[in-house]
Amino acid sequence: IKNKDLAIHYFMQGEFLLNQGNYALAVLEFQDALDIDPNASTIHISIADAYRRLGRSKRAEDHLKIAIDLDPKDISGRELLGQLYLLNRRYELALDQFSALSKIDIDNDNYLIMIGDLHKLQKQWNKSIDFYLRAFEVNPQNFKALESAMQVSLSVELYDKAEEVCKKLVKYNSNNTS
């Protein structure tokens, strides 16, 4: 068996074990795969996922950073790292990942909402509202974005922003009536 095939074998075994919930053994299989192919970002993401599920955040973070260094445009590694930072209340670092994701996939309103949520968690109300509104502009079907913008605007008494949200809603509705 060639090395590449062996690395794929270990990787597939690791994925199987990961899906079975056997995270510790999955880590061992992924480690064997990485010994053969240390530059495979996919393997780093998978081992990071296994470490995350084992509660080993630092090891997960290290492997995700390696994966992103190997493939800066990889979406799954950045998403997982952003979620990991969010779970550990490291909001600025999560913001960095979701901002990078929104530059890679500019039409993804979910990333914009996540950025809005992260700004809200840090009490950066205006930035939060602006990202919710951008999410709505990217996807006018996403009324949750407008709802979030309105909720923040009213709860912190930013009535000018609330008025801006209402105008967007009226404009959207007037464009969609026959």
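This structure is a prediction, so every number in the text was calculated from the model and none was measured.

Caption draft 1: Structural context of the pattern of salt bridges. Considering all chains together, one arrives at 10 salt bridges under this definition. Taking the shortest distance from any N to any O, the salt bridge between Glu164 and Lys161 comes out at 3.9 Å. Separated by 3 residues within a single helix, Glu164 and Lys161 lie in helix H10 (residues 159-175), roughly one turn from each other. The exposure class of Lys161 is buried, given its relative accessible area of 15%. Of the charged contacts in the structure, one is a salt bridge between Glu163 and Lys167, with a shortest N-O distance of 3.6 Å. Taken as a pair, Glu163 and Lys167 lie in helix H10 at a separation of 4 residues, close to a single helical turn. The partly exposed category is assigned to Glu163, whose relative accessible area is 43%. Since its relative accessible area comes to 53%, Lys167 is described here as exposed. Here the salt bridges share partners, and the residues they tie into one network are Asp49, Arg52 and Arg53.

Caption draft 2: Representation of the packing of helix H3 (residues 41-53) against helix H4 (residues 57-70). At their nearest, the axes of H3 and H4 sit 8 Å apart, and the two run at 165 degrees to each other. In terms of axis orientation, H3 runs roughly antiparallel to H4. Between H3 and H4 the crossing geometry is left-handed. Residue-level inspection shows Ser41, His44, Ile45, Ile47, Ala48, Tyr51 and Arg52 of H3 in contact with H4, the latter providing Arg59, Ala60, His63, Leu64, Ile66, Ala67 and Leu70. Its residues assigned to classes, the contact of H3 with H4 comprises 9 nonpolar, 3 polar and 2 charged.

Caption draft 3: Representation of the packing of helix H1 (residues 3-20) against helix H2 (residues 23-36) within the structure. Relative orientation of the contacting elements H1 and H2 amounts to 165 degrees, with a least axis distance of 8 Å. On the basis of their axis angle, the class for H1 and H2 is roughly antiparallel. Where H1 crosses over H2, the handedness of that crossing is left-handed. The residues of H2 that touch H1, namely those facing Asn3, Leu6, Ala7, Tyr10, Phe11, Gln13, Gly14, Glu15, Leu17 and Leu18, are Tyr23, Leu25, Ala26, Glu29, Phe30, Asp32, Ala33 and Ile36. Broken down by class, the residue content of the contact of H1 with H2 amounts to 12 nonpolar, 3 polar and 3 charged.

Caption draft 4: View of the nonpolar core. Formed by 45 residues in total, the largest nonpolar core has its most connected members in Phe30, Ile43, Leu64 and Phe98. Non-local contacts of Ile43, meaning those with residues more than four positions away in its chain, are made with Phe11, Phe30, Ala33, Leu34 and Asp37.

Caption draft 5: Quick peek at helix H5 (residues 75-87). For H5, built from 13 residues, the straight-helix expectation of 18 Å at 1.5 Å per residue is met to within 8% by its first-to-last C-alpha distance of 18 Å. What H5 keeps buried is the set Gly77, Arg78, Leu80, Leu81, Gly82, Leu84 and Tyr85. Where H5 is buried, its residues touch H3, H4 and helix H6 (91-104). Trailing H5 by a residue or two, Arg89 shows a phi angle of about 55 degrees, which is positive.

Caption draft 6: Structural view of the confidence of the model for the protein chain. On average, the protein chain scores 93 in pLDDT, and the residues at 70 or more come to 96%. When pLDDT is averaged over each element of the protein chain, H4 comes out on top at 98 and H10 at the bottom at 81.

Caption draft 7: Quick look at the packing of aromatic side chains. Applying the stated criterion across every chain, the model contains 3 aromatic pairs. Considering the side-chain rings of Phe11 and Phe30, the 5.9 Å spacing of their centres and the 50 degrees angle between planes classify their relative orientation as tilted. Within this pair, whereas Phe11 is found in helix H1, its partner Phe30 is found in helix H2, the two being separated by 19 residues in sequence. Classification of Phe11 by relative accessible area gives buried; the value is 17%. Given a relative accessible area of 0%, Phe30 falls into the buried group.

Criteria and thresholds
Residues numbered from 1 in each chain as written. Predicted model: local features only at pLDDT ≥ 70, side-chain atom pairs only at ≥ 80, totals over all residues. Heavy atoms only, no water. Salt bridge = Lys/Arg side-chain N within 4 Å of Asp/Glu carboxyl O. Helix = DSSP H or I, 4+ residues; strand = E, 2+ residues; numbered from the N terminus. Buried < 20%, exposed > 50% of the residue type's maximum accessible area, 1.4 Å probe, protein only. Axes fitted to C-alpha atoms, helices over the stretch in contact; angles between N-to-C directions. Parallel < 35°, antiparallel > 145°, perpendicular 65-115°, else oblique. Left-handed = near helix turned anticlockwise from the far one by under 90°. Contact = heavy atoms within 4.5 Å. Nonpolar A, V, L, I, M, F, W, Y, C, P; charged D, E, K, R; others polar. Core = buried A, V, L, I, M, F, W, Y, C linked by side-chain atoms within 4.5 Å. Expected span 1.5 Å × (residues − 1). pLDDT = per-residue confidence, 0-100. Phe/Tyr/Trp six-rings, centres within 6.5 Å; stacked < 30°, edge-to-face > 60°.

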